[in-house]
Amino acid sequence: MSRLNREDWASAALEAIASGGGISAVAVEPLAVRLGATKGSFYWHFASRAELVEAALDLWEQRATVDVIEKIESSGGTGEQRLRALFEHTFQTAALGGADMALLSHTDLTIVREAVDRVTRRRIRYIAKLLHSAGVPSTVARRRAVLAYSAFLGNLQLAHASPELLRRSVGSVSRYADEVMATLLSH
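Residues numbered from 1 in each chain as written. Predicted model: local features only at pLDDT ≥ 70, side-chain atom pairs only at ≥ 80, totals over all residues. Heavy atoms only, no water.

Draft legend 1. Summary view of the side chain of Asp-100. Position of Asp-100 among the secondary structure elements: in helix H6 (residues 98–104). Every residue in contact with Asp-100, bar those within four places of it in the chain, is listed here: Trp-60, Arg-123, Phe-152 and Leu-156. (Helix = DSSP H or I, 4+ residues; strand = E, 2+ residues; numbered from the N terminus. Contact = heavy atoms within 4.5 Å.)

Draft legend 2. The nonpolar core, seen in detail. Residues Trp-9, Ile-17, Val-26, Leu-31, Leu-52, Trp-60 and Leu-103 are the most contacted members of the largest nonpolar core, which totals 30 residues. At the level of secondary structure, the elements contributing two or more residues to this core comprise helix H1 (6–21), helix H2 (28–35), helix H4 (49–74), H6 and helix H7 (110–133). Look past the residues within four positions of Leu-103 in its chain and what remains in contact with it is Ile-17, Ile-23, Leu-57, Trp-60, Val-112 and Val-116. Judged by nonpolar contacts, the second largest core, of 29 residues, contains Leu-83, Leu-131, Ala-148 and Leu-185. (Core = buried A, V, L, I, M, F, W, Y, C linked by side-chain atoms within 4.5 Å. Buried < 20%, exposed > 50% of the residue type's maximum accessible area, 1.4 Å probe, protein only.)

Draft legend 3. Here's a closer look at empty space enclosed by the protein. Evaluation of the coordinates by the stated rule reveals one cavity of 30 Å³ or more. Forming the walls of the largest cavity are Trp-60, Asp-100, Leu-103, Leu-104, Val-116, Val-119, Thr-120, Tyr-149 and Leu-153. Looking at the lining of the largest cavity, the elements with two or more residues in it are H6, H7 and helix H8 (138–161). Taken together, the residues of the lining of the largest cavity break down into seven nonpolar, one polar and one charged. (1 Å grid on protein atoms, 1.4 Å probe; cavity = no way out; pocket = protein on both sides within 12 Å on 5 of 7 lines; lining within 4 Å. Points joined across faces, edges and corners; volume = space filled by probe spheres on them. Nonpolar A, V, L, I, M, F, W, Y, C, P; charged D, E, K, R; others polar.)

Draft legend 4. The pattern of salt bridges, seen in detail. Under the criterion given, the structure shown has eleven salt bridges. Residue Arg-34 is joined to Glu-15 by a salt bridge in which the shortest nitrogen-to-oxygen separation is 2.7 Å. Here Arg-34 is found in helix H2, whereas its partner Glu-15 is found in helix H1, with 19 residues between them in sequence. We classify Arg-34 as partly exposed; its relative accessible area is 46%. Under the relative-accessibility criterion, Glu-15 is labelled partly exposed at 40%. (Salt bridge = Lys/Arg side-chain N within 4 Å of Asp/Glu carboxyl O.)

Draft legend 5. Structural detail: H1. For H1, spanning 16 residues, the distance from its first C-alpha to its last is 21 Å, which sits close to the expected 22 Å at 1.5 Å a residue. Three or more residues of H1 are buried, namely Trp-9, Ala-10, Ser-11, Ala-12, Ala-13, Leu-14, Ala-16 and Ile-17. Where H1 is buried, its residues contact H2, helix H3 (39–45), H4 and H6. Its side-chain oxygen at 3.0 Å from the backbone nitrogen of Glu-7, Asn-5 defines the N-terminal cap of H1. Looking one or two residues past H1, Gly-22 carries a phi angle of roughly 65°, positive in sign. (Expected span 1.5 Å × (residues − 1). Polar contact = N/O pair within 3.5 Å; in protein donor to acceptor, adjacent residues only side chain to side chain.)

Draft legend 6. View of helix H5 (residues 79–91). Along its 13 residues, H5 runs 18 Å from first to last C-alpha, staying within 8% of the 18 Å computed at 1.5 Å per residue. Listed in full, the buried residues belonging to H5 are Gly-79, Arg-82, Leu-83, Leu-86, Phe-87, Thr-90 and Phe-91. For H5, the angular spread of buried residues about the axis comes to 155°, placing them on one side. (Arc of directions from axis to C-beta.)

Draft legend 7. Focus on the packing of aromatic side chains. Enumeration according to the criterion identifies four aromatic pairs in this entry. Pairing Phe-42 with Tyr-43 gives two aromatic rings, centres 4.7 Å apart and planes at 80°, and the pair type is edge-to-face. Since its relative accessible area comes to 0%, Phe-42 is described here as buried. Between Tyr-149 and Phe-152, the aromatic rings sit 5.4 Å apart at their centres with planes inclined by 35°, giving tilted as the arrangement. (Phe/Tyr/Trp six-rings, centres within 6.5 Å; stacked < 30°, edge-to-face > 60°.)

Listed below in structure tokens is the structure:
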């Protein structure tokens, strides 16, 4: 096996969080076994479990927010086209990651609360920017961005708690994205 790096450990920790174990699933020995590594490898890269949790949270922010925004922005198009691309991406079942759900349930921990708050603010700002560039006045865009983000969180909860109900209720992701877009862009 090739030599592990910090991101390998952070990625394994993030997968453990997302798999339903939450923050408590970030334990050095089980992760070492999963990675085929030793605890020494862990301590080569991290001073503590808390540092690993922080690295996993940073990786979650990068993959689930920064990378998504960069992907949408690089695709070009109008504000409305980029907003639709964002909704189609986030409403896909595969994109409704377990990490978001797990982390939302651990906001009693300061480090998690701060990361979730930072990600939430960034996501809402980005949605508001897209709404504004699609012609929605900025004050209305900010309010509707919160509404859109609330819909995303509701989708996460439904996908987790009752996936069949979600599939039956919204039908195709494309049609659902159309309905959300119509609501958010209405005058």
